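These are the residues of each chain, in order.
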Amino acid sequence: MNHRIIAERTEPGGSTIKEWHMVRSGEGKPMCGRSIDLSETELPADAWGTERAMPFCHTCGALYLREVP
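Because the structure is predicted, anything quoted here is derived from the model rather than measured.

Basis of the calculations
Residues numbered from 1 in each chain as written. Predicted model: local features only at pLDDT ≥ 70, side-chain atom pairs only at ≥ 80, totals over all residues. Heavy atoms only, no water. Phe/Tyr/Trp six-rings, centres within 6.5 Å; stacked < 30°, edge-to-face > 60°. Helix = DSSP H or I, 4+ residues; strand = E, 2+ residues; numbered from the N terminus. Core = buried A, V, L, I, M, F, W, Y, C linked by side-chain atoms within 4.5 Å. Buried < 20%, exposed > 50% of the residue type's maximum accessible area, 1.4 Å probe, protein only. Contact = heavy atoms within 4.5 Å.

S.K.: Even after reading the chapter, I still don't get the packing of aromatic side chains, so can you show me in this structure?
M.R.: The description of an aromatic ring pair rests on the distance of the ring centres and on the angle between the ring planes. Overall, the coordinates contain two aromatic pairs when judged by the stated rule. Seen in terms of ring centroids, Trp 48 and Phe 56 are 6.3 Å apart; in terms of plane orientation they differ by 85°. Their pairing is edge-to-face. The interplanar angle of 55° and the centroid separation of 5.7 Å between the aromatic rings of Trp 48 and Tyr 64 together place this pair among those described as tilted. Note that Trp 48 is positioned in the loop between β3 (42-44) and α1 (58-67) and Tyr 64 in helix α1, a separation of 16 residues in sequence.

See the structure below:
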């Protein structure tokens with residue numbers, strides 16, 4: 001299964017990233033179930049666990065770990 005990482009901003013259109021979320025390809029919401037703007041800044045799934053994708057949503061991270069080898 002393919003995944004992507006999407007930013008959640010502190011304010012819509014703001015410059016500060018609140019946290020990053022993991023989204024399964026083809027789904028319209030992050031794995032944690034929150035409503036975020038899916039057109040926000042995106043990172044590839046292999047950025048998970050790196051400083052580029054910090055801070056990361058705890059729930060998305062836990063669920064992602066259960067899906068990938």
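S.K.: Before we go on, may I ask you to explain the nonpolar core in this structure?
M.R.: What tends to happen in soluble globular proteins is that the nonpolar side chains get buried as a cluster. Of all hydrophobic cores here, the largest spans 13 residues; its most connected members are Ile 5, Trp 20, Met 22, Leu 43, Ala 53, Phe 56 and Cys 60. Looking at this core, the elements with two or more residues in it are β1 (3-9), β2 (17-24) and α1. When near neighbours in sequence (up to four residues on either side) are disregarded, Cys 60 contacts His 21, Met 22, Pro 30, Met 31 and Cys 32.

These figures capture arrangement, not role.
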